[in-house]
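# Coordinate inspection notes
Below are the chains, spelled out letter by letter.
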Amino acid sequence: MSEPLLIIGSYLSPCVRKALVLLEIKGVEYRIDSIVPFFGNVEFERLSPLRQVPVLVDGELVLNDSSVICQYLEERYPQPALYPADIADRARARWIEEFADGRMGQVVIWQLFDQLVIGRGVWGREPDAAVLEKTYQQDLPSIFDYLEAQLPESGWLFGELSIADISVACFMRNAQFARYTLDAGRWPKLAAMLERTFALPAFQKLHRFELAIARTPIVQQRQALIAAGAPVSATSLMREQPVRGPMSRS
Ligand SMILES: N[C@@H](CCC(=O)N[C@@H](CS)C(=O)NCC(=O)O)C(=O)O
């Protein structure tokens, strides 16, 4: 029997979450080494030259970048389909995924989650009030205005649930961890889409493991996940002291 797939990267990373949601919805068995990328060891750096998560290991195959990984999972495990069948919709769904990874990554992760959670938890750094102010007043609203305009009156972005809805929701989960509440009066279609996405069994299951580590010191997270019943890998690529990677904006 072949080894289950391995995902390297923390349950609290939005890009890791995207890959995990696909694995869960497609019913694929996997193990996870839930490390914060800054704590990856030399072997992690060999597998991930940018020192970023997620990494997917499938036998001899090592893949980096959540979009590359999700595309691979879709092709390797086509059912249920999570990319629209229509060619134009499929391209637009990939754009929304790119918008989430790129712009939401910049604002939700680096200007919000990093400021309020990673900065304090990993580097012992206090948030920059000016960055937070601009994030709350300008950058987040412009992202939500754009997404609100893309959404239909009801339902998912492209008819059925797709990588587009999943990608947006994965980043908004981190906004929640940074104690941000979306104004459902101002962005009602986005709020409704997120509520439906977070109610999916895959998101709910992953959220239990996210909560198990959200307020747990990094060195104790592996044990906390084992105790919570997460499919933790037999070995870990974690080191003791954090280091910044070549792409780090933290
Ligand atoms: N485009 C990449 C971005 C990956 C990424 O930025 N991952 C973050 C965690 S969400 C990370 O590893 N950050 C550490 C760093 O950039 O040094 C993807 O979609 O996988």
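Whatever comes next refers back to the structure up there.
Conventions adopted
The numbering scheme is per chain: residues are counted from 1 as the chain's sequence reads. Residue-level local features of this predicted model are given only where pLDDT is at least 70; pairs of side-chain atoms are given and counted only at 80 or more, and the full residue set underlies all totals for whole chains, interfaces and linings. Computation of side-chain values covers all heavy atoms of the structure but excludes hydrogens and water. Working definition: helices are DSSP H or I runs of at least four residues, strands are E runs of at least two. Numbering for both runs from the N terminus. Think of it in three bands: residues with accessible area under 20% of the maximum for their type are buried, residues over 50% are exposed, and the middle band is partly exposed, with areas taken using a 1.4 Å probe on protein chains only. Any two residues having at least one pair of non-hydrogen atoms within 4.5 Å are treated as being in contact. The span expected for a helix works out to 1.5 Å for each residue beyond the first. Note on bend: the value at a residue is the angle between axes fitted to the seven residues ending there and to the seven starting there. Pairing of N or O atoms within 3.5 Å defines a polar contact, subject to two protein rules: one partner must be a possible hydrogen donor and the other a possible acceptor, and residues neighboring in sequence count only if both atoms are side-chain atoms. For two strands to be treated as a pair, DSSP must find no fewer than two bridges joining them. Here the axes come from fitting lines to C-alpha atoms, over the contacting stretch only for helices, and the angles between their N-to-C directions go from 0 to 180 degrees. It suffices for a single heavy atom of a residue to lie within 4 Å of a molecule or strand for the residue to be listed as near it. Under this grouping Gly is polar, as are all residues other than the nonpolar Ala, Val, Leu, Ile, Met, Phe, Trp, Tyr, Cys and Pro and the charged Asp, Glu, Lys and Arg. In what follows, salt bridge is the name for a side-chain nitrogen of Lys or Arg lying within 4 Å of a carboxyl oxygen of Asp or Glu.

This paragraph deals with the environment of Tyr180. By the element assignment, Tyr180 lies in the loop between helix 6 (163–177) and helix 7 (188–198). Tyr180 gets classed as buried once you look at its relative accessible area, which sits at 14%. Distance from Tyr180 to Phe113, taken between C-alpha atoms, is 9.6 Å for residues 67 residues apart in sequence. When sequence neighbours within four positions are dropped, the list of residues in contact with Tyr180 reads Leu112, Tyr136, Leu140, Phe144, Ala175 and Trp187.

Our focus in this paragraph is the environment of Tyr146. Mapping Tyr146 onto the fold places it in helix 5 (residues 129–150). With residues near it in sequence (within four places) discarded, Tyr146 still touches Trp95, Ile96 and Phe99.

Given 3.6 residues to a turn, an α-helix orients residues that are three or four positions apart in the same direction. For helix 5, spanning 22 residues, the distance from its first C-alpha to its last is 31 Å, which sits close to the expected 32 Å at 1.5 Å a residue. Of all the bends found along helix 5, the most pronounced is centred on Thr135 and spans about 45°. Considered for burial, the residues of helix 5 that qualify are Leu132, Thr135, Asp139, Leu140, Pro141, Ile143, Phe144, Leu147 and Glu148. Those residues of helix 5 that are buried are in contact with helix 4 (87–123), helix 6 and helix 7. The opening residue of helix 5, the one whose side-chain oxygen lies 2.9 Å from the backbone nitrogen of Ala130, is Asp128.

Here the focus is the sheet that holds strand 4 (residues 61–64). Read across the open sheet, the four strands follow the order 2-1-3-4; overall the sheet is mixed. Where the open sheet ends on each side, the last strands, each with one partner, are strand 2 (30–33) and strand 4. Between one strand and the next, the sheet's axes are offset by a mean angle of 20°, whatever the strand orientation. Alignment of strand 3 (residues 55–58) against strand 4, held across four bridges, turns out to be antiparallel. Note that in strand 4 the partner of Val55 across the bridge is Asn64. Across the face of the sheet, helix 3 (residues 66–76) comes into contact with strand 1 (5–8), strand 3 and strand 4 while running at roughly 130° to strand 4.

The local shell around the ligand holds 13 residues, among which Ser13, Gln52, Val53, Asp65 and Ser66 are the closest. With respect to the ligand, the backbone of Val53 contributes an N or O atom lying 2.9 Å from a nitrogen atom. With respect to the ligand, the side chain of Ser66 contributes an N or O atom lying 2.6 Å from an oxygen atom. In the shell around the ligand, the residues fall into six nonpolar, four polar and three charged.

Right, let's talk about the pattern of salt bridges for a bit. Under the defined criterion, the tally for this structure stands at 15 salt bridges. The partner of Arg31 in a salt bridge is Glu29, with the nearest N and O atoms 3.3 Å apart. Note that Asp89 is salt-bridged to Arg92, the shortest N-O span being 3.3 Å. Taken together, the residues span about one helical turn, with Asp89 and Arg92 both in helix 4 at a distance of three residues. Asp89 sits in the partly exposed class, given a relative accessible area of 22%. A single salt-bridge network, built from bridges that share partners, covers Arg17, Arg173 and Glu210.

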